[in-house]
Every structure is written in structure tokens, then in C-alpha cells.
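One-letter residues, chain by chain:
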Amino acid sequence: MHPLKQRARELATQDYRSAPSVREAILALTNYDESQVPPYTLPSPLQTADGKTIATANEWMNFQRPAILNLFKKEMYGQMPPRPDQMAFEILTERNDALDNTAIRQEIRIHCSMRNGRSHSFDMLLYRPKNAPEPAPAFLGLCFKGNHATTDETDVRMTGQRLGKPELLTEDTRGIQAERWSFRELVKRGYAGATICYHDIFPDHAGGWDQSIFALFEDLDGFNGAHPKYSSIGGWAWGLSRGLDCLEHIPGIDPTRIALHGHSRLGKTSLWAGACDQRFRIVISNDSGCGGATLARRFFGETYLFIVNAMPHWFVKSFRQYIANEDAMPFDQHFLIALSAPRPVVVASAAEDLWADPKGEFLSAQNAGAVYALFGSKGLEADAMPALDEYVTGDVSYHVRTGKHDQTWVDWQHYLKIADRYLV
Ligand code: GCU
């Protein structure tokens with residue numbers, strides 16, 4: 001066995017939570033050296049469990065796609081709960097002069113309730129172009145730091161309360177991630193933009209279960225860690241689908257033209273949400289890395305060993321079995337991208353974000369092409385990684401931006417190029 005993997009297996013048996021030295025040893029094992037990438041063979045998404053090869057788009061959609069989706073549910077992201085028994089969309093605020101009078105801004109509470117008496121709600125912030133000639137296409141994505149952090153408008157309600165850390169909801173968090181959302185530019189280009197704080201769907205910590213949307217469906221009091229059936233990524237993805245349910249009820253939005261985006265853990269989430277909910281027309285993964293777009297078998301940058309120990313709630317419990325055992329997985333992450341075929345998928349990397357393995361993200365995007373080919377598409381139209389800041393277009397598209405792990409205007413210019421092509 002490759003020495004890095006051998007060591008990873010040893011570390012997987014040690015107690016991560018109580019021993020800081022284990023955490024350090026795990027981080028010290030991170031491989032950033034291309035020459036240390038172990039030899040690997042990628043499984044083919046076209047190969048069925050009983051050894052047949054999928055040859056047509058119909059076979060893919062009706063047989064292989066559902067089989068792969070189930071594999072991911074069982075092994076990685078967990079089951080997707082159904083829609084709640086009842087939903088209601090309550091307009092909390094509305095302004096017709098937002099963003100210097102270019103946009104209509106709404107804050108909408110999405111109420112989910114169940115016949116068992118349980119309920120859960122979270123708030124969406126939505127900007128849409130004013131005086132648009134027709135219902136607008138929209139970008140939807142979850143945010144990390146609350147809706148108020150995504151906009152420079154200072155009268156937006158604070159969200160993210162379910163995390164239970166009021167010290168993070170201070171006035172100085174307003175607008176701190178506005179560039180990641182670029183609402184002003186979107187509206188100028190004829191798009192709407194919408195966001196929900198991910199903590200309000202599932203507070204992002206191992207004990208967040210009883211405050212999460214899963215409590216609508218299960219008794220989770222005191223549950224902590226990795227769940228046998230569900231994951232927080234699955235919960236956030238469910239929340240994105242509820243966001244889309246809400247957009248379907250907003251006059252002025254065209255719900256058939258929604259692009260889903262997400263950065264980092266929320267990029268992992270957008271890929272999974274796009275796989276599960278085919279209403280999303282474009283799926284965008286920004287620097288999603290390990291457990292998102294990148295190939296696990298490369299063992300480059302973040303490993304399963306780290307992610308499963310540091311963020312146990314992100315994946316289902318049985319996912320642990322693949323730590324340093326990636327070759328045993330019946331899939332790799334190019335399968336996840338392929339689940340969105342034939343819809344467009346955008347994969348964005350950042351050059352300095354080696355933790356997320358830009359090359360692994362590229363190779364994954366490229367290898368999803370086998371499924372796009374069934375639909376007569378080239379998938380990613382590139383044989384080699386493009387130069388920095390150059391966009392490779394195609395139904396699967398890719399770029400690697402100069403700079404660090406982030407979602408910037410350079411990334412947005414790529415998304416908009418793709419959206420202009422497919423949504424307008
Ligand atoms: C950590 C984690 C990554 C994740 C990132 C983020 O770095 O290890 O997997 O993508 O956080 O979400 O910001």
C-alpha cells in the first residue's frame with residue numbers, strides 16, 4: 001500500500017476529537033506533491049454494477065443515474081427527505097428601491113410544517129431586477145455568514161441565528177461577503193440573486209442535528225456526529241430545493257431558469273443539490289474540493305481522513321469506511337458531476353487553493369464527459385488544464401482563478417458567461 005495511505009489508515013483508528021496531536025499528524029500527512037499521487041484507476045460512470053456498459057442517454061437517465069444517485073445517498077450524503085407536508089412563503093419585507101433603485105428586494109420566510117406538529121423556517125433574501133421585461137432567471141446559493149453579510153445594504157435582517165452564536169451576528173458582519181454575491185452586477189445583467197443562511201437549515205456543527213430540518217422527520221434530541229441515514233450536506237441541499245420551491249411562487253422570477261451556486265462546503269452542497277433536484281438548470285461548484293468536485297483517489301490536498309474526523313456530520317456514518325480506502329469506492333466525484341448531465345455544470349478552482357486540489361477538480365470535470373457524450377455533448381472542451389484565469393467553456397466548464405480559496409468577481413464572470421449562454 002502507498003505509504004501515505006498506510007499512515008492514514010493507522011491515524012484513522014486514533015481518537016481525533018480528544019487528541020490535538022492526532023489532528024496535527026493528520027494535517028501533516030496532507031500531500032501537496034504531484035509526484036506522490038498514488039497510481040489509481042477511475043471507475044467509469046457508464047459501467048453498471050452487473051458489468052454492463054451504458055450506451056444511451058435513456059439508459060443513463062432511467063437506469064444508471066438512479067443507481068448512482070442511490071449509491072451516493074447510501075455511502076456519502078444520506079437520504080433526501082421529502083418535501084414537508086406543508087409550505088408557506090411569508091413576505092417579511094419588500095423594497096422597490098433597492099440597490100439604488102435598480103432592484104426589488106424581498107425577505108421571505110420559508111415555513112415548513114409537518115402533520116406531526118413540527119415546524120422549521122428559514123429566511124431567503126431575494127433581489128430581482130426592477131422593471132424587467134419578463135420573469136428573470138436567478139442565481140440561488142446558500143451563504144455562510146447570514147443574509148446581511150451578502151449585501152452592502154444595511155437594513156437587511158440578520159440571519160444565521162440557529163447556529164446559536166449571537167457574537168457572530170454583529171453589525172460589523174454586514175456586507176463582509178458581498179463580493180461573493182455580486183447582487184448589484186447580477187441585477188444589472190438582468191438576473192435575480194437569492195440566498196439563505198446555511199446555519200438556519202442545519203447549524204454547522206456535529207451537534208446541530210436537533211436544530212436542523214431533519215428534526216421535522218426524526219427524533220434527534222442530543223444526537224451528535226455522523227448519522228447513519230442523513231448528512232448536513234444533504235440537509236443543506238434539501239434547503240436549496242425548498243428555496244427553489246419558494247422561487248416558483250414569486251412572480252417576476254422564472255423558476256425554470258435557476259442557476260445554483262455554492263462555495264467550498266456549500267459548493268459540495270450545490271453539486272449534491274443539483275444531482276438530487278433536476279429543476280436546477282445550471283450547477284456551479286466553486287472551490288468545492290474534497291467531498292465536492294475533486295477526485296478522492298488522487299489523495300492530494302484535503303483527505304477523507306481529515307474531513308470525516310473534523311466535520312463528522314457532513315457525511316453519513318458509513319462514509320468513514322473509505323478513509324485511505326478510496327479505491328474501494330464504487331464511484332469517484334466525477335460521478336457526482338455527471339449526475340447533473342446533460343445540464344451545464346461549472347467547476348471553478350483557485351490556484352493557491354491546493355487544499356481543494358484544483359487539478360483533481362479539473363480531472364473530475366473532464367471525466368464526467370463520458371456521460372455528457374451520451375447526450376451528444378463534449379462535456380468539458382479541453383484536453384489539458386487551461387491557463388490561469390482562462391475559462392474553458394462547454395456543457396461542463398472550468399477555470400482556475402489566480403489567488404486563494406474564495407468566490408470573487410472573476411469567478412462570477414465565468415458563471416455569467418455560462419448563464420448568458422444557457423439561461424437567456
Ligand atoms: C474546510 C474543509 C473544506 C471546506 C472548507 C470550507 O477547509 O476542510 O472541506 O470546503 O472548510 O467550506 O470553507
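Residues numbered from 1 in each chain as written. Predicted model: local features only at pLDDT ≥ 70, side-chain atom pairs only at ≥ 80, totals over all residues. Heavy atoms only, no water.

### Section: the domain arrangement of the protein chain
You can read the domains of the protein chain as domain 1 (1-77 + 289-393) and domain 2 (81-280). Facing the 26 residues of domain 1 at the interface are 26 residues of domain 2. Note on domain 1 versus domain 2: buried area summed over both sides is about 2000 Å², and carbon and sulfur give 64% of it. Together, Tyr77, His313 and Trp314 form the three largest contributors to the area buried by domain 1 at its contact with domain 2, with a combined 37%. Applying the counting rule to domain 1 against domain 2 returns zero salt bridges. The tally of links between domain 1 and domain 2 comes to twelve residue pairs in polar contact (both at pLDDT 80 or more). Elements represented by at least two residues in the side of domain 1 that touches domain 2 include exactly α3 (57-77) and α9 (333-338). No other element matches the seven residues that α3 contributes to the side of domain 1 that touches domain 2. Counted by class, the side of domain 1 that touches domain 2 contains 16 nonpolar, five polar and five charged residues. (Domains from an automatic or database assignment. Contact = heavy atoms within 4.5 Å. Buried area = accessible area lost by both parts, 1.4 Å probe. Salt bridge = Lys/Arg side-chain N within 4 Å of Asp/Glu carboxyl O. Polar contact = N/O pair within 3.5 Å; in protein donor to acceptor, adjacent residues only side chain to side chain. Helix = DSSP H or I, 4+ residues; strand = E, 2+ residues; numbered from the N terminus. Nonpolar A, V, L, I, M, F, W, Y, C, P; charged D, E, K, R; others polar.)

### Here we look at the environment of leucine 71
Its place among the elements puts leucine 71 in helix α3. Along the primary structure leucine 71 and methionine 329 are separated by 258 residues, whereas in three dimensions their C-alpha atoms are 9.8 Å apart. For leucine 71, the residues in contact, after removing those within four places along its chain, are Met76, Pro330 and Phe331.

### Quick word on the pattern of salt bridges
Side chains that differ in sign of charge can pair as their charged atoms come close. For the structure on display, the rule yields 33 salt bridges. A salt bridge links arginine 115 to aspartate 85, with the shortest nitrogen-to-oxygen separation between them at 3.5 Å. Separated by 30 residues along the polypeptide, arginine 115 in the loop between β2 (103-113) and β3 (119-129) and aspartate 85 in the loop between α3 and β1 (86-97) bring together distant segments of the chain. With relative accessibility at 33%, the residue aspartate 85 sits in the partly exposed group. With a shortest N-O distance of 2.9 Å, arginine 105 and glutamate 153 are connected by a salt bridge. Residue arginine 105 is located in strand β2, and its partner glutamate 153 is located in the loop between β4 (136-143) and α5 (183-188); the two are separated by 48 residues in the primary sequence. The pair arginine 105 / glutamate 153 is uniform in exposure class, with both members buried. (Buried < 20%, exposed > 50% of the residue type's maximum accessible area, 1.4 Å probe, protein only.)

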